[in-house]
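Letter by letter, the chains look like this.
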Amino acid sequence: QVQLVESGGGLVQAGGSLRLSCAASGGTISTYPMGWFRQAPGNEREFVAVVRWSGVTTYYADSVKGRFTISRDNAKNTVYLRMNSLKPEDTGVYYCARGTTGWGTVNPGDYDCWGQGTQVTVSS
């Protein structure tokens, strides 16, 4: 069973940047789409970004488009999320997940392995 571990979260001022990492162990993620989701207190988990297995094709939520960049290094079994121009509304726990479909979707139900999450807090 693949295990995913996120890191890189923290406290940052609005306008700042963070890079999250998601390291996989116990199996490969190289042939699967990988997604990032986030959840703020009292809110449902929401889609942030997905990258298909090759790393070439990506898709973003409108709320982060142009500010966040998802990437992957299949040789390192790791997925990244670069977050620039952070806003207070980006605050939440960020999770990476392995997709079960070939293309990757925005639906959390289409992901079968999840990390424990990393907290991102953006102060105004």
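Higher on the page you've got the structure.
Residues numbered from 1 in each chain as written. Predicted model: local features only at pLDDT ≥ 70, side-chain atom pairs only at ≥ 80, totals over all residues. Heavy atoms only, no water.

## Details of the packing of aromatic side chains
This model, assessed by the stated rule, comprises six aromatic pairs. With 5.0 Å between their ring centres and 55 degrees between their planes, Phe-37 and Trp-114 make a pair best called tilted. Within this pair, whereas Phe-37 is found in strand E4 (residues 34-39), its partner Trp-114 is found in strand E10 (residues 111-114), the two being separated by 77 residues in sequence. Among the aromatic side chains, those forming a connected cluster through ring pairs are Phe-37, Phe-47, Tyr-59, Tyr-95, Tyr-111 and Trp-114. Over the ring of Trp-114 we find Arg-45, and its NZ or CZ is 4.7 Å from the ring centre. A cation over an aromatic ring shows up here: Arg-98 above the ring of Tyr-32, its NZ or CZ 4.2 Å from the ring centre. (Phe/Tyr/Trp six-rings, centres within 6.5 Å; stacked < 30°, edge-to-face > 60°. Helix = DSSP H or I, 4+ residues; strand = E, 2+ residues; numbered from the N terminus. Lys NZ or Arg CZ within 6 Å of the ring centre and 35° of its normal.)

## Some thoughts on the pairing of strand E5 (residues 46-51)
Counted residue by residue, E5 has five buried out of six residues, so it is predominantly covered. Pairing geometry for E4 and E5, over five bridges, is antiparallel. Residue pairing for E5: Arg-38 is matched across the bridge by Glu-46. The antiparallel pairing of E4 with E5 creates a hairpin that spans six residues between the two strands, and Gly-42 there sits at a positive phi of about 80 degrees. Adjacent in sequence and paired antiparallel, E5 and strand E6 (residues 58-60) are bridged by six residues, among which Gly-55 carries a positive phi angle near 85 degrees. (Buried < 20%, exposed > 50% of the residue type's maximum accessible area, 1.4 Å probe, protein only. Pairing = 2+ DSSP bridges.)

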